[in-house]
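Chain by chain, the residues run as shown.
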Amino acid sequence: MSEMALVIRRYSPSDIRAVIDIFESAIRGSCLGDYDQVQIDAWLSSADANRWNAIFMEHYSLLALFDGEPAGFGDISEEGHLNLLYVRPEYQGKGIASALCERLEKHVGGLITVEASLTARPFFLHRGYREIAQQKVYRKGIALTNFRMEKQTDPKIN
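Residues numbered from 1 in each chain as written. Predicted model: local features only at pLDDT ≥ 70, side-chain atom pairs only at ≥ 80, totals over all residues. Heavy atoms only, no water.

Some remarks on the sheet that holds strand β1 (residues 6-10)
No. 1: The strand order across the open sheet formed by seven strands is β1-β2-β3-β4-β5-β7-β6, and the pairing between neighbours is mixed. The strands lining the two open edges of the sheet, one partner per strand, are β1 and β6 (130-139). Along the sheet, successive strands turn relative to each other by an average axial angle of 25°, direction set aside.
No. 2: Bridge analysis of strand β4 (residues 81-87) against strand β5 (residues 109-117) gives two bridges, and the strand direction is parallel. Each bridged residue has a counterpart across the sheet, and for histidine 81 the counterpart in β5 is threonine 113.
No. 3: Sheet strands touched by helix α1 (residues 16-30): β2 (60-66), β3 (69-76) and β4. Its angle to β3, the strand with the most contacts, is close to 95°. (Pairing = 2+ DSSP bridges. Helix = DSSP H or I, 4+ residues; strand = E, 2+ residues; numbered from the N terminus. Axes fitted to C-alpha atoms, helices over the stretch in contact; angles between N-to-C directions. Contact = heavy atoms within 4.5 Å.)

Dropping the structure here:
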């Protein structure tokens, strides 16, 4: 990856459509090996532009552009809960998720928590997160397995 190819910037409300497109593309393109089509459809139903925009404006939220194209996004609360982290399938394996995660973790520092999907679990384990519990979340009455995970990072330096 050339250094000029990846740009990470703060989320702006005008990014919401790109963010939802990344979310939908990532789930459709990356998660079918771990979740069935009914689960995928239920998961996709959780994208809500108004609700997400409000959350992204409250959290520290980032958009990754690869060669100028929206490629990934992530957000973290000030309390250290990594809320969402997604990268389009065609951009996976280029270090985008790692770069986003690094910036999100450093912004808050201390204990970072995440609810990782079956698909994302290996990524977070590789980054040093430890699994706390396997759990079920429900979208439109459909159960999805995920994992509560945490990582202790260096405290934020102000």
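Considering the packing of aromatic side chains
Each aromatic ring pair is described using two quantities: the centre-to-centre distance and the angle formed by the ring planes.
No. 1: The final tally for this structure, using the stated rule, is 11 aromatic pairs.
No. 2: When the centroid spacing of 4.7 Å and the interplanar angle of 80° are considered together, the rings of phenylalanine 23 and tryptophan 52 count as edge-to-face. Note that phenylalanine 23 is positioned in helix α1 and tryptophan 52 in helix α3 (residues 49-58), a separation of 29 residues in sequence. Per residue, the accessibility class of phenylalanine 23 equals that of tryptophan 52, and both read buried.
No. 3: Ring centres 6.4 Å apart and planes at 45° place the aromatic pair tryptophan 52 and phenylalanine 73 in the tilted group. (Phe/Tyr/Trp six-rings, centres within 6.5 Å; stacked < 30°, edge-to-face > 60°. Buried < 20%, exposed > 50% of the residue type's maximum accessible area, 1.4 Å probe, protein only.)

So, the side chain of serine 117
No. 1: The residue serine 117 is located in strand β5 in this model.
No. 2: Of the polar contacts made by the side chain of serine 117, one reaches the backbone nitrogen of alanine 120; its length is 3.0 Å.
No. 3: Ignoring anything within four residues of it in the chain, the contact list for serine 117 reads Tyr35, Trp43, Thr145, Asn146 and Phe147. (Polar contact = N/O pair within 3.5 Å; in protein donor to acceptor, adjacent residues only side chain to side chain.)

Things to note about the nonpolar core
No. 1: Of all hydrophobic cores here, the largest spans 26 residues; its most connected members are Leu82, Ile96, Phe124 and Tyr129.
No. 2: Secondary-structure elements contributing two or more residues to this core are β1, β2, β3, β4, α4 (96-108), β5 and β7 (142-155).
No. 3: The residues touching isoleucine 96, leaving out its near neighbours within four places in the chain, are Leu6, Ala64, Phe66, Ala71, Val87 and Tyr91.
No. 4: Tyr11, Ala26, Phe56 and Leu63 belong to the second-largest nonpolar core, a separate cluster that totals 21 residues. (Core = buried A, V, L, I, M, F, W, Y, C linked by side-chain atoms within 4.5 Å.)

So, the pattern of salt bridges
No. 1: According to the stated counting rule, one finds nine salt bridges in the structure shown.
No. 2: Residue arginine 9 pairs with aspartate 15 through a salt bridge whose shortest N-O separation is 2.8 Å.
No. 3: Overall, arginine 9 belongs to the partly exposed group, its relative accessible area being 31%.
No. 4: On the basis of relative accessibility, which here comes to 6%, the residue aspartate 15 falls in the buried class.
No. 5: Connected through shared salt-bridge partners, Glu102, Glu105, Lys106, Arg127 and Lys151 make up one network. (Salt bridge = Lys/Arg side-chain N within 4 Å of Asp/Glu carboxyl O.)

Concerning the packing of α1 against helix α2 (residues 37-44)
No. 1: Where α1 contacts α2, the axes come no closer than 10 Å and their chain directions differ by 170°. Judged on the interaxial angle alone, α2 and α1 are roughly antiparallel. Between α1 and α2, the residues in contact are Phe23, Glu24, Ile27 and Arg28 and Ile40, Trp43 and Leu44, respectively. (Parallel < 35°, antiparallel > 145°, perpendicular 65-115°, else oblique.)

Regarding α3
No. 1: By the burial criterion, the buried members of α3 are Trp52, Asn53 and Phe56. Projected down its long axis, α3 shows its buried positions confined to an angular sector of 100°, all on one face. Among the exposed residues of α3, those oriented more than 90 degrees off its buried face are Asn50 and Glu58.
No. 2: Elements that come into contact with the buried residues of α3 comprise α1, β2, β3 and β4.
No. 3: You can read the cap of α3 off the contacts: a side-chain oxygen lies 3.2 Å from the backbone nitrogen of asparagine 50, and it is on aspartate 48. (Arc of directions from axis to C-beta.)

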